[in-house]
Structures are given as C-alpha cells and as structure tokens.
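Notes for the structure review
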2 protein chains.
Amino acid sequence: MKRGTSRDIRTANRYEVLRQIIASSPTSRQELAAATGLSLATVATLVGELLDLRMITEVGFEDSAGGRPRGLVAVNASGGALIGVDIAETYVHVELFDLALNVLARAEENMRPGESRPEQVVGHVTAAVGSVVAQAGVEAARVLGVGVSVPGQVDRDTGIAEYAPNWDWHDVPLLDLLSEHIAYPLYLDNPLRASAVAELWFGAARGHGDAVVVNLGTGVGAGLVLGGGLHRGVSNSAGEWGHTTLVLDGRLCRCGNHGCVETYVGALGIMQNLRELSPQSPLLHPGDQTATIDALAAGVAAGEQVAVKVVRDTARYLGAAVAVLVNVLNPEVVVLSSWVAARLGEPLLEEVREAVARHALKRPLAASRIVLSAIPTDPVCLGAATFALEGALQRVGQRSTKRATPARSRTAPAS
Amino acid sequence: MKRGTSRDIRTANRYEVLRQIIASSPTSRQELAAATGLSLATVATLVGELLDLRMITEVGFEDSAGGRPRGLVAVNASGGALIGVDIAETYVHVELFDLALNVLARAEENMRPGESRPEQVVGHVTAAVGSVVAQAGVEAARVLGVGVSVPGQVDRDTGIAEYAPNWDWHDVPLLDLLSEHIAYPLYLDNPLRASAVAELWFGAARGHGDAVVVNLGTGVGAGLVLGGGLHRGVSNSAGEWGHTTLVLDGRLCRCGNHGCVETYVGALGIMQNLRELSPQSPLLHPGDQTATIDALAAGVAAGEQVAVKVVRDTARYLGAAVAVLVNVLNPEVVVLSSWVAARLGEPLLEEVREAVARHALKRPLAASRIVLSAIPTDPVCLGAATFALEGALQRVGQRSTKRATPARSRTAPAS
Ligand SMILES: [Zn+2]
Ligand SMILES: [Zn+2]
C-alpha cells in the first residue's frame, strides 16, 4: 500500500475543504486556510474546483480589518443530490440529501424474516430509491451518486458483498445487480465505515484525529477514524471488533466462532442476556429484536429491576470490549452509534463509561471521551451519501489526471 | 489533533526518502521518486537537505538509457552516530549505530531484581552509553542523539516515564535525570513503538501501510504501523494490547485488572501456564524468566511433551488475542518480536498461525501474513536509535521554520 501520493493528498484536502465549507458556510478562503492548516494558495485552487463543480457558490464579501474585502463562499445546497441506502437485517432505509446534507426525502421498506435473497433486497432498494427521487422532485441528472451500505464484508472496488453472516450471502455482486435498475453512480461499503464517515464529516469525530465509532445493532462492529481519515485496513475489512473473542469458548456466534463480542452486546446477544436472567420475562419478545430492545428501554425508564440488570450486564461486556479499543488505539472519542445504542441511550452510556473505566489503562482512559452519536438522522444513510459525495469529489481528480472512472459510474439519467 | 500540515508532510517525506536511500544505496533521485511516489522536484529538494546535513553523499553517476547520466547518492555511514537504549525489566542494552544503522558497538548491563530505582537505572544507562561511545571511538560532536526506550507509558514531549507497572514507577522525569549525565539530544519512548519503528524502517513492515508488531517479553504489547506511519494515539499510549482483557475475571495482572493478555502470553504468564500444567516440571526455574523460557525452547526442540503442550497452550491464548488485532485493524503483516518470540521461534509461530486462523474472520485473515521479526539485532535498540534519527531529521524542519528545538536537545558535547 502506498500512502501520500500527491493525488491522494489532493483528494484528502478536497474533502477537508468541502467538509469545512459545509460546517461553516458562508466562509472565506482565509478562514478555510486557518481551519485546515492548508496554504491559502492550495485552498484557493480547491475552492476554484468546487466552484466549477457548482458544489459551492460565491455569496458576497466580508470586510476584513483594514484589508481588502474577502470573498465568501457557501455550499450550494441545490447544486446536487446524494442518496444514502442503509440495508440492514430487518429494513432498508433510503434518504435523499441536498449538498448541505439536509434530508429532502425518506423511504423505508421493511424486510420480513427470510426475505433476504439478493433479488428481494435489490427490489426493495430500487423501489425506495425511486421513491425518494420522486418525493424530492429532483432531476435525475442532479443525483451525484448513491452510496449503499450492506452489513458484513464488502469489496468496494468490485461492488461485491463478500460475506453477510446474517443472510449467509457469499460473493453477491450487489452493485452489478443494482446497476440493472439504478443508473446513478453507485458506491458500496458497510455500515461500520458508513457510520464512521458520517461522524467524521458531521458528528463527534469531526476535528479529531483518532476516533472509534462503535455500532450496536443486530450486527456489531467499530468504524475507525485514525490520523484524521477512515482506516480501512489492507482489504477494507478493518473494524470487525464485533467478531473478536470476548469470552473464550463462550456463546456460539453466527460467524462460526465462540464468544464474539456481538453475541453479548448485539441485539440478539442482549435478548440472550435477558433470557438467561429471566426466561419468562414479559420484556422478551421472541423473534422480535426491535420490540425487545424497546421494552428494555421502557423498562429501564420505569425502573424495572430486570431491565436495569440486563442493561448493566450488557454494559459490563461492552465495557470490557470497548476498553480493548481504548487501550489499543488510544482514541480521543468513542461514539456509540446505531439503533440499539440510540434506543438504550443515556442509561447504557453511563454503565458503559463505568465499565470501561474498570478495564482500561489510566492514560488512554483519561484521553478518551465516550459519547452517544448526536447525528439526528440515520447515520448509516448519511455516511453512505457521504461516500457518494466523496466519490464525486474523487472523480474530479481522476478526470484531471485522465484516470478511469469507477466501474459502476454512469452518466446516464436514472431508469 | 491536526493532520497533514505541510510541515508534517514534509517531515514524513524526509523520513521516507532517507529510509529509501538507506535501503537501496546507491540510488538516483529518479529511482527515489519512483519508489516513494513523490515528485522529482520534491525528491530533489529533500535530497539537497540531506546532502547539506552530510547524512548522504554524492557517489557518482549512472548511465540512463539514452538520457543524461543520473547522479547517484548513498547514505553517508560515517556522517553521524546514533545510540539506542533498551531499558528492560532485567537488563539495559545499548547499541551505537552508524548512519546506515550498522552496529558499531554494544554494551549490556544486567539489573538484579529490586535494582529498579530510577537513579540505579540512570546509572546503568550512563555507564553503557559511555562505554559504546568509547568502544566505537566516535567524537562526541558526531553523536546525533540517543533514543531511550523504557517499558510502560511515557510522555515523549516531557520525557516523563508516567507508569512502568513492573517497577511501580509513577511520573519519573527520566530524561531530566539522564540529561544530568548525558549531553546528547535525548528522545524517550517505549519498546512497543521502538520495535514498530524498527520494523517500519528496516524490517517486515517496510513498504506496508498497515502492520502490527507484537512484542512478547516480560511485558506484552503491540506497536502499530497504520497508513504507512507509526500510530501513537491521542496521548502516545496506543498499542496497550497486553492489558486488554482476554479472559473475563481471569488471572490478576500487575496493572490491577484481571485476565489481561499479558498474564497468559508474557514471560511470567508462560511460566504460570507451565506451573498449572506441571507444577514440579524441571523446566520451571522459579524467579528466572529467561532460564524458564530457554528451557521451554530446548524442551520443544527435544520433543518433550510438557514443553510442546505449554507452547501450544500459550499459542492458543496468543492466537485469540492476535486475531483481535487482525479483525480490528486488518493489517498486511503481523510481526512477532522481542525476546520471548525470538527464543520460542518457529514452533510458537506455527501454533500461533493455526490459532489465529481459528479466531479471525476469513477476509482479514486472508490478507495478513504472520512472521517472526527478522531484525538481526535488538529491535528495541534499533528502533530507539531510529527515534534519534527521526529527531535529527525533524530538527531540520524546525530550524528552517524557526520552531523551538525539543526540550531535551543540547548541542554541547557529551560529558
Ligand atoms: Zn462472531
Ligand atoms: Zn494488565
């Protein structure tokens, strides 16, 4: 792996400048240079590119103390639309964003248990993408891309879902299947990296060099922001913390191993924690993860002992496992994300903080904050849309150096 | 944390170019540009700086097919000396290197149990540093710096050893103490990062973006090379994998927690594995880690069942714990380093590979090689000397931007 070629650095700088413009529109080239650490000349070049792409616009001038008035730029919200697709075990969420990453339209399709053949999933995604484009009334030509997040291990270059443990998918050519129905540029990745990039651009990881985004849903994993960028690993499969061993010879996991973190702190693991504590509990909705987690959250709010105990037991497992990430990576912030974290909220967070403190070393512990994700929408949709935005920004560089466009990119309008 | 300021990038590029020159002297600017991905203009500037510093020299020309002859440069081995200090639980090793990182002199001081007050350690280091300078007969003015590795958590900016669990050191101002006796520029870090930087510059991590260097000694930890550079974390304490929980409520660790990786695969942990299997084994040398590990290595070589079983049990623990690093970081290579790994060698490696394969996910597993360190000298000394080399290269940038030199740098000759 080569790092730091001038084209990589240029793309990273382009991300950084647009990120900063989105966060602080309107802003000046001088402010951007100060905020990013880049030279004014570099900022001016990158701002020029973004203006050419109509991703940003000139919006007037501000007085500078004693000097010439400074030109202001702002994100051109209507300069394009981005679509984020969150394919999860039980649902498909799709959101359409403007370039300021405001949600313009949403669609949701529920997937019944067993309804998980690739063709079925592709059908749900196609319907929901069509729905958001129609709802928002955007022209097809303005859709810059569709980011698709699918659980498990994915090859983003080939668009293949290599392994999705929940559905027993092996080497499903998901982007090829989707491209038969969807004509926008498509980008594939997984929810760990989608939620991490969402926090990096718009959430708690912004401005932090090292952050960990812990996803707690049906599946469990950690998206890693290291050195200010997404850490993918050599084969784009970093972050599989949910399938690291927490209990030697422990519970059997769907990945085939025993004692994985996910089997104790994923939605199904939490159901098992409840079952072991109180097999007849009315909080337990067999076969319905969402209802059970909701019942637990309500139970904790009402002070029910069983619910409180289950959340505490879960937090103890989670604390030991999060402490691994704190000790190994020494991040500035750990973000708890995804639907289980969102629903169990503050009571889970409090217990997790205590448990991490019992397991982590003092020095890395003192440097880390643990927080709940503050992203107000589905972070995986937002992150998937961000991949489409990054893809559009990367194509700029590829055009100017005569490189091939990504395999799945098309310029034709939507079907 | 800010990343990617132009000064940081320039320093990283300077490291990269010198690393490449050391690896492939003599070489041309054109070859350096091709190997590093930097532009020829950038390479030419950096080569000019290194020539000015006399770290490299012009060594002639080579014909280029049809073009002008190309100037060749090579590392100027005698252009300076670097000293690496490896302070371990039972010994102090010191090595003096030329600029091609050849060892010119070695000194070793043994530390008896209990002989671990900071003043005693400083005495040993001072004596050994004086010895290697005298042995090598180098002028004091040619010593570019001394890198010092001390176990535990260190603050490299202040030169304070914050916490060394083996000695119960808390906030020892080690560089201040050393600078009363040693007048060369001093650099403090810990063995995890020293061995990682040694592999990054000279070993198995060279040319790999993502690598993990697993240190197996009395202490246990993982040095991380991510994105082509050392990953330090926000407070320079990344890599404390030895103190992550492997067995919930397991063995009591010297860090105060239970079930840490180190208590099962560090030298003392391996002694405990042996004790639990065969309390009366003649392989067990109570109070002598080195003798016990040596006896185990000899036992395995002779096919003794108890020794084989202890190494297998240790590898099972180690495999589960290394799989955590493989799944979370998805590295290209995992290097087993430090004295326990060196002594148990191939038989341990084979068992570890099998155990990791049982615990890691297929995709990251397929991308990772697991190897023994091939560095022929003490990797911690080599890495500590490399920190001194990096420090010298960084001072170039700091001089040219009028920044302060590091707190511990002096230009006076050695005492
Ligand atoms: Zn698993
Ligand atoms: Zn410990």
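Up top is the structure these notes are about.
Quick look at the structure, then. This structure is a prediction, so every number in the text was calculated from the model and none was measured.

1. Side note on the packing of aromatic side chains
Residue and element names in this part refer to chain A. Evaluated as defined, the whole model comprises eight aromatic pairs over all chains. Taken together, a centroid distance of 6.1 Å and an interplanar angle of 50° make the contact between Tyr-15 and Trp-201 tilted. Taken as a pair, Tyr-15 in helix H1 (residues 6-24) and Trp-201 in helix H6 (residues 191-202) lie far apart in primary sequence, 186 residues in all. Take Trp-201: its relative accessible area is 1%, and that puts it in the buried class. Ring pairing ties together the aromatic residues Tyr-15, Trp-201 and Phe-202, which thus form one cluster. Above the ring of Trp-201, the side-chain terminus of Arg-19 is found at 4.9 Å from the ring centroid.

2. Topic: empty space enclosed by the protein
Tallied over the full model, the rule gives two cavities of 30 Å³ or more. Of the voids in this model, the largest cavity is the one considered here, and its volume is about 110 Å³. Taken together, 15 residues line the largest cavity, and the ones lying closest to its centre are Thr-245 and Val-324 of chain A together with Thr-244, Thr-245 and Val-324 of chain B. Elements that contribute at least two residues to the lining of the largest cavity include exactly helix H10 (305-329) of chain A together with helix H10 (305-329) of chain B.

3. Overview of the pairing of strand S7 (residues 143-149) of chain B
Residue and element names in this part refer to chain B. The buried count for S7 comes to seven of seven residues, which makes it a mostly enclosed element. Sheet analysis places strand S4 (residues 81-87) next to S7, joined by six bridges and oriented parallel. Looking at S7, one finds that Asp-86 is bridged to Ser-149. With four bridges joining them, S7 and strand S11 (residues 186-189) adopt parallel strand pairing. Looking at the pairing, Gly-147 lines up with Tyr-187 of S11.

4. Notes on the sheet that holds strand S8 (residues 153-155) of chain B
Residue and element names in this part refer to chain B. Pairing is antiparallel in the open sheet, where three strands are placed in the order S8-S9-S10. Sheet topology places S8 and strand S10 (169-172) at the edges, where each strand pairs with a single neighbour. The sheet shows a mean angle of 15° between the axes of neighbouring strands, direction not considered. Relative to strand S9 (residues 160-164), S8 runs antiparallel, the two sharing three bridges. Paired with Asp-155 across the bridge in S9 is Ile-160.

5. Here's the deal with unusual backbone geometry
Residue and element names in this part refer to chain A. Following Ser-25, the chain continues into Pro-26 via a peptide bond in cis, with omega recorded as -10°. Counting through the fold element by element, Pro-26 comes out in the loop between H1 and strand S1 (27-28). Even without a glycine there, the phi angle at Asp-168 is positive, about 55°. Secondary-structure assignment places Asp-168 in the loop between strand S9 (160-164) and strand S10 (169-172). For Asp-168, a relative accessible area of 54% translates into the label exposed. If you check the backbone angles, Asn-236 has positive phi at about 55° while not being a glycine. Residue position: Asn-236 is located in the loop between strand S14 (229-230) and helix H7 (262-265). Taking the relative accessible area as the measure of exposure, Asn-236 reaches 6% and is therefore buried.

Conventions we followed
- Residues numbered from 1 in each chain as written.
- Chains lettered and ligands numbered in written order.
- Predicted model: local features only at pLDDT ≥ 70, side-chain atom pairs only at ≥ 80, totals over all residues.
- Heavy atoms only, no water.
- Phe/Tyr/Trp six-rings, centres within 6.5 Å; stacked < 30°, edge-to-face > 60°.
- Helix = DSSP H or I, 4+ residues; strand = E, 2+ residues; numbered from the N terminus.
- Buried < 20%, exposed > 50% of the residue type's maximum accessible area, 1.4 Å probe, protein only.
- Lys NZ or Arg CZ within 6 Å of the ring centre and 35° of its normal.
- 1 Å grid on protein atoms, 1.4 Å probe; cavity = no way out; pocket = protein on both sides within 12 Å on 5 of 7 lines; lining within 4 Å.
- Points joined across faces, edges and corners; volume = space filled by probe spheres on them.
- Pairing = 2+ DSSP bridges.
- Axes fitted to C-alpha atoms, helices over the stretch in contact; angles between N-to-C directions.

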